[in-house]
Amino acid sequence: MDILEIIGKKRDKLELSRDEIFYFVENYTCGIVTDYQAAALVMAIYINGMSDREITDLTLAMANSGDVLDLSSLGDVVDKHSTGGVGDKVTLILMPLIASLGIPVAKMSGRGLGITGGTIDKLESIPGYNTSIDIETFMNNVKKHGISLMGQTLNLAPADKKLYALRDTINCTASIPLIASSIMSKKIAAGANKIVIDVTYGSGAFMKNIDDAKKLADIMTRIGRLANKETVCILTDMDKPLGFAVGNNLEVIEAIDVLKNRYIPKDVEEVILELGANMLILANKVNSIDDGKAMILENIKNGKGFEKLVELVSSQGGDVSYLEDTSKFKKAKFIKSIIASKSGRVLKLDANLVGKMSGYLGAGRIKKDDDIDVSVGFVFKKKNGDIVEKGDILGYIHGNDEDKVKIVLKQDLFIIG
Ligand code: URA
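Residues numbered from 1 in each chain as written. Predicted model: local features only at pLDDT ≥ 70, side-chain atom pairs only at ≥ 80, totals over all residues. Heavy atoms only, no water.

Caption draft 1: Representation of the site of the ligand within the structure. Lining the immediate environment of the ligand, one finds His81, Ser82, Thr83, Leu113, Tyr164, Arg167, Ile179, Ser182, Ile183 and Lys186. Between the ligand and the protein, one listed contact pairs an oxygen atom with a side-chain N or O atom of Arg167 at 2.8 Å. In this structure, Lys186 approaches the ligand through a side-chain N or O atom, which is 2.6 Å from an oxygen atom. Burial of the ligand by the surrounding chains reaches 97%, relative to a free accessible area of 230 Å². Of all the secondary-structure elements, those providing two or more residues to the shell around the ligand are β1 (78-82), α8 (158-169) and α9 (176-190). When residues in the shell around the ligand are grouped by element, the largest group, four residues, is from α9. (Near = heavy atom within 4 Å. Polar contact = N/O pair within 3.5 Å; in protein donor to acceptor, adjacent residues only side chain to side chain. Areas by Shrake-Rupley, 256 points an atom, 1.4 Å probe, with all protein chains shown as cover. Helix = DSSP H or I, 4+ residues; strand = E, 2+ residues; numbered from the N terminus.)

Caption draft 2: Just the sheet that holds strand β11 (residues 393-399), in detail. The strand order across the open sheet built from four strands is β6-β9-β11-β7, with neighbouring strands paired in antiparallel fashion. The open sheet is flanked by β6 (245-246) and β7 (334-339), the only strands paired with a single partner. Alignment of β6 against strand β9 (residues 377-380), held across two bridges, turns out to be antiparallel. Across the sheet, the residue bridging to Ala245 is Val379, located in β9. Running at roughly 135° to β9, helix α16 (residues 351-363) makes contact with β6, β9 and β11 of the sheet. The sheet strands contacting helix α17 (residues 402-409) are β7, β9 and β11, and the helix crosses β7 at an angle near 10°. (Pairing = 2+ DSSP bridges. Contact = heavy atoms within 4.5 Å. Axes fitted to C-alpha atoms, helices over the stretch in contact; angles between N-to-C directions.)

Caption draft 3: Inspection of the environment of Met43 at higher detail. The topology assignment puts Met43 in helix α3 (residues 35-48). Accessibility expressed as a relative area gives 32% for Met43, which makes it partly exposed. Considering only alpha carbons, one finds Met43 and Arg167, 124 residues apart in sequence, at a separation of 8.6 Å. (Buried < 20%, exposed > 50% of the residue type's maximum accessible area, 1.4 Å probe, protein only.)

Caption draft 4: Here's a closer look at unusual backbone geometry. Of note in the backbone geometry, Ala157 takes a positive phi value of approximately 45° without being a glycine. When you line up the elements, Ala157 lands in the loop between β3 (147-150) and α8. Notably, Asn228 is not glycine yet its phi reads approximately 65°, a positive angle. Within the fold, Asn228 resides in the loop between α10 (210-226) and β5 (230-237). Assessed through its relative accessible area of 69%, Asn228 is described here as exposed.

Below, the structure is given as structure tokens:
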């Protein structure tokens, strides 16, 4: 078999066989197929798509490119994943809440991708938090503390790790076959037997409309079934950033504030409760969505979710004093107000542009090995539907490069009508 023939077939809109897909994945994982060859194939998949059979084979090849964890000793483990969104800090809030309700959480998360941030980059903004733990520590932490959140550093779906980073740097993130295989390969390798997936749509998501989100949800549910995993997909609107904060440590601070019950942005609350209640149903903890939502709200109010976050961070080497006192988080040098240029109603806060500008300020990567700046991003004061007066502060830009902050200030992030 020959990688050039495989690239050529996909370029010419032909279907790849199972053997060809496995050949590509195996040889890319071990470095025989180069990044530039993989980039060509990924671009061809992005443009020409894949059949359901090809997507399933790609998922299985990626899932089996490394170890596949067996979590059966932990009982029913319910995993959660999101197709990503601007300001999406749901994992940071929801997983400690789920663990605080006695359901084991063993989750492998990703780094930022395209316009969206990643849980691992956010967790690493807590000084000392180790996302690269070994399997033994991961399993022991789940047994002892009921929760562990780690990055894709173990030998779990290593093909996805490489392809995910590659896609990010060649603008090939928003593709149904590539997202479905990326998420489901990780979920299969990470071993949970029940999975809830948040499939986002809108300007701040990879799927720009609900029909594409439904297609993505459908294929992931079918792959889950094939892999013997109960999979539920929830469609959520991501047309504006989720919550008020966008950027790595800014989102961590917002997540901590929610778990401390200081304030819960309405849209964050809706997503947390909907996904959480579905996880509790899958775990056989409740019989109805309403009971599930009530349980989750209760553990925000009584502080048990926050206590679990502290336990998680401490068990993975993080400095918990940052959770107690969020003013310790590194701050950007320049914090500039975004001012309303006229009175009216906020018709749109452009999530896509916010995601791009957040990356431009340094919260995302341009090259695979780029470092990210954990302190930059946005904290908004106003969102869609809010009435504003000319001169009101709509939000703040956090940046470390004054010139970049000036350029971001000139963008039309808000549309006021
Ligand atoms: N999350 C993933 O894990 N992979 C994608 O491709 C998109 C979101």
